[in-house]
Amino acid sequence: MSLQSALDALKEKRYQEAVKLLEQFCRDSVKHDSSDYLSAQMWLMKAYQATGETEKAKALCQKLIMSENPQARSWAEQASQSFRQTPSNVSQKAGRAATTGMKLAMGGVGGSLALASSVTMTLLFGMVLALSLSLVFILGSDNPLQGLAIAIGITLTFNIAAFFISPFIMDLTQGWLYQTRWVELAEVETLSPETAKVIRQVCEQKKLKTPRLGIINDQNPTAFTYGSLPNSARLVVSQGLFTYLDDDEIATVYAHELGHIVHWDFAVMTVASTLVQICYLIYSTARRFGRGGGDSKIKDAMQTAALVAYVFYVVGTYLVLYLSRTREYFADHFAAESTGNPNGLSRALVKIAYGILEEGSRTQEPSRLIEGTRALGIYDHKAAASTGTAYRIASDTQKVGRVFLWDMFNPWGWWMELNSTHPLTGKRVRALSTYAEQLGLPTEFDMGRVIGEGKTLNKSRLYGNFFLDVVLYGAETIGFLVGLVMGVILWSSSPNTGLVLGAPLIGLGIGILVKALVMFPDYKQAPETDILTLMSDPYASPLRGQPAKLEGQLIGRGDAGYKFGSDLKIQDRSGMLYLHYTSRFGPIGNFLFGMKRVQSLIGEQVGAVGWFRRGVAPWMDLIQLQSENGTIVNSYHRFWSFILGGGSIILGVVLTMFLSRS
């Protein structure tokens, strides 16, 4: 496709067509420093403005301002003047407090940070100490006191070393992976004046040194903090934060990260994470020694220690996740108090989700920065799709609020959150809305309406489906155990070895098929819909597939396989969604599809049929991709379930019949 055809469409005021052509040209361009690519970027910004997509135009303008090409940079700086007025499709911002520093009650939100930190650290230290002692004694220490001293010494030395060394290791990895650029406060002030004011104010009040400030030249908006002591902390943000957020919103993000520093969160998390890894190290070491030869008592003791260490590792992991979520609530609270602008942080969270979604739509592979800093960042990028999609429509706060119904009321939301480092976005926005109410401010997102609508949801449907789905997740195991019990019962009355061996396989096969029928229901009458509607369904489940048809463009690979990944991203008029592909030939077929077919599909306008599912990140299990030329891709999610389930039943029946004759 030529650049001229896109420019002709723009001159003839066929703006929607021009946008598609220019986006396609930019995606196909290999040299991003070429004059044609930069020209396409500049004209695309104009096309976005013409179609009313102001946020996209603004983001692209900020990207061009950072260009190494002086002409593109100068042009973008002049064009940025057009963004000073609020776009007509963006609702008026909710206000902020006239003064800062007001104490805000949390009302039980997030629990107690001090309690969560002390309990988590105490339990983790106790776990590591107990495991260290057990290993010392197992290895034959004749002096218990000496063994105790060695165990304590090893534990403390390892953790103290990790505590002080890990920030410098992080500095090296940050520079190597993301080319972090360390800057002075004055440079941050030129990008966001209010941010510099907040940093000076907080550091003066809390008697802290100004953190070491870093900027990563990546348009995916994120921010994170790490270090060992508050006065040697590092606060790093991406360039995308300045692209997608307004000045007051950027300041709330910095205040959030300063909250982590004031609360010593990064230090606590560094030690806690290290202790969990020690548990895993002890588990793997004890398991390896337990498999070897030698004294059977020591071998048995090692196996027991390995089992206990693994249990401690699992428990410790969930304790650290709980602590991580708690610290996010308290950092949000700190930002609301220190800036007097909880609405600004609510907007920031939603815009960060939007920015991650937008940047994801422009690249064919996932961002290494967003993937690599998931646990550290202010926002879990896995949750960005639903919130970013809602904001993308027209910045309508009611539409954004509707996608929070799932976060707030679906029991799967609570279940998924247990495995997340961050609270669900809806819960964070709800907490920030309560702070705005305490300050006597109108809230940015009408969470009262969301709560009211949530109370009208069918609770029996929500919880009934949830508990049934939990059972169905273990349908194979349940079927196997029921079959085993039935086989033993029948065998006791009629000695037939085939029943004991065949019945569990039959039960396993039935369990697989029942689960498959629920996960992959009939799709022939799948309704035509859009991505936002699917994401706004408060009853959506990660197991119970919802048949749906979408019309949109394939814009890149999903985040599961990177260069040879078989998953895709589809974008329609309302948002973006991941499509999960499965070959009938299993993992090898997935790899070959990702290597040979995916690249040629990117950019195609398609109709996608599949089963929609909602977890922290929504996705669709693909059934078919269709174009004007007919079906171009078939996906086989049900295929292996039916093969395995049917094969297990047939094998069980054959074993039962064969052994009954012998």
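Being a predicted model, the structure only gives us computed values, none of them experimental. (Residues numbered from 1 in each chain as written. Predicted model: local features only at pLDDT ≥ 70, side-chain atom pairs only at ≥ 80, totals over all residues. Heavy atoms only, no water.)

Q: Explain the sheet that holds strand E2 (residues 212-216) to me, and be specific about the residues and the numbers.
A: Strand order in the open sheet formed by four strands is E1-E2-E4-E3, and the pairing between neighbours is mixed. Looking at strand neighbours, the two that pair on one side only are strand E1 (181-183) and strand E3 (223-226), the edges of this open sheet. Across the sheet, the mean angle from the axis of one strand to that of its neighbour is 30 degrees, orientation sign disregarded. Where E3 meets strand E4 (residues 234-238), four bridges bridge the pair, whose relative direction is antiparallel. Looking at E4, one finds that Phe-224 is bridged to Val-236. (Pairing = 2+ DSSP bridges. Helix = DSSP H or I, 4+ residues; strand = E, 2+ residues; numbered from the N terminus. Axes fitted to C-alpha atoms, helices over the stretch in contact; angles between N-to-C directions.)

Q: Describe in detail unusual backbone geometry, supporting the description with residues and values.
A: Phi at Lys-207 is positive, roughly 55 degrees, even though this residue is not glycine. By the element assignment, Lys-207 lies in the loop between helix H9 (193-205) and E2. Among the residues examined, Lys-207 registers a relative accessible area of 71% and is labelled exposed. (Buried < 20%, exposed > 50% of the residue type's maximum accessible area, 1.4 Å probe, protein only.)

Q: Which residues make up the nonpolar core, and what values do they have?
A: Of all hydrophobic cores here, the largest spans 103 residues; its most connected members are Leu-241, Tyr-254, Tyr-379, Ile-570, Leu-579 and Leu-625. Broken down by element, this core gets its largest block of residues, eight residues, from helix H14 (residues 342-362). Of all hydrophobic cores here, the second largest spans 25 residues; its members include Met-42, Leu-44, Cys-61 and Ala-76. (Core = buried A, V, L, I, M, F, W, Y, C linked by side-chain atoms within 4.5 Å.)

Q: I'd love a proper account of the pattern of salt bridges, names of residues and values included.
A: A side chain with one charge can pair with a side chain of the opposite charge if their charged atoms come near. This model, assessed by the stated rule, comprises 17 salt bridges. Of the charged contacts, one joins Lys-427 and Glu-417 as a salt bridge, the two residues approaching to 3.1 Å between their closest N and O atoms. Placement of the pair is Lys-427 in helix H19 (residues 425-438) and Glu-417 in helix H18 (residues 411-417), with a sequence separation of 10 residues. Since its relative accessible area comes to 8%, Glu-417 is described here as buried. (Salt bridge = Lys/Arg side-chain N within 4 Å of Asp/Glu carboxyl O.)

Q: Go over the pairing of strand E8 (residues 605-613) with me, naming the residues and quoting the values.
A: Summarising burial for E8: eight of the nine residues are buried, a large majority. With eight bridges joining them, strand E5 (residues 546-557) and E8 adopt antiparallel strand pairing. Looking across to E8, one finds that Glu-551 is bridged to Gly-607. Examined bridge by bridge, E8 and strand E9 (residues 619-627) share seven bridges and lie antiparallel to one another. The partner of Gly-607 across the bridge, within E9, is Gln-626. The hairpin turn running from E8 into E9, its antiparallel successor, is five residues long.

Q: Lay out helix H21 (residues 459-473) in plain terms, naming residues and giving numbers.
A: With 15 residues, H21 should cover 21 Å at 1.5 Å per step; its first-to-last C-alpha distance of 21 Å lies within 8% of that length. Along H21, the positions that sit buried rather than exposed are Leu-462, Phe-466, Asp-469 and Leu-472. For H21, the buried positions fall inside an angular range of 130 degrees around the axis, keeping them on one side. In H21, the exposed positions angled more than 90 degrees off the buried face are occupied by Ser-460 and Phe-467. (Expected span 1.5 Å × (residues − 1). Arc of directions from axis to C-beta.)

Q: Account for the packing of H9 against helix H11 (residues 247-262), with residues named and values stated.
A: Geometrically, a packed helix pair is captured by the angle between its two axes and the distance between the axes. Running from N to C, H9 and H11 point in directions that differ by 25 degrees, and their axes come no closer than 7 Å. Classified by the angle their axes make, H9 and H11 are roughly parallel. Judged by the sense of rotation from one axis to the other, the crossing of H9 with H11 is right-handed. For the pair H9 and H11, the contacting residues are Pro-193, Glu-194, Thr-195, Val-198, Ile-199 and Val-202 in the first and Asp-247, Asp-248, Ile-250, Ala-251, Tyr-254, Ala-255, Leu-258 and Val-262 in the second. Considered class by class, the residues forming the contact of H9 with H11 number 10 nonpolar, one polar and three charged. (Parallel < 35°, antiparallel > 145°, perpendicular 65-115°, else oblique. Left-handed = near helix turned anticlockwise from the far one by under 90°. Contact = heavy atoms within 4.5 Å. Nonpolar A, V, L, I, M, F, W, Y, C, P; charged D, E, K, R; others polar.)

Q: Could you give an account of the environment of Asp-380, with specific residues and numbers?
A: In this fold, Asp-380 is placed in the loop between helix H15 (368-372) and helix H16 (384-394). C-alpha of Asp-380 to C-alpha of Ile-370: the two residues are 10 residues apart in sequence and 8.6 Å apart in space. Leave out the neighbours within four places in its chain, and Asp-380 touches Arg-374, Ser-420, His-422 and Val-616. A distance of 3.5 Å separates the side chain of Asp-380 from the side chain of Ser-420, its partner in a polar contact. (Polar contact = N/O pair within 3.5 Å; in protein donor to acceptor, adjacent residues only side chain to side chain.)

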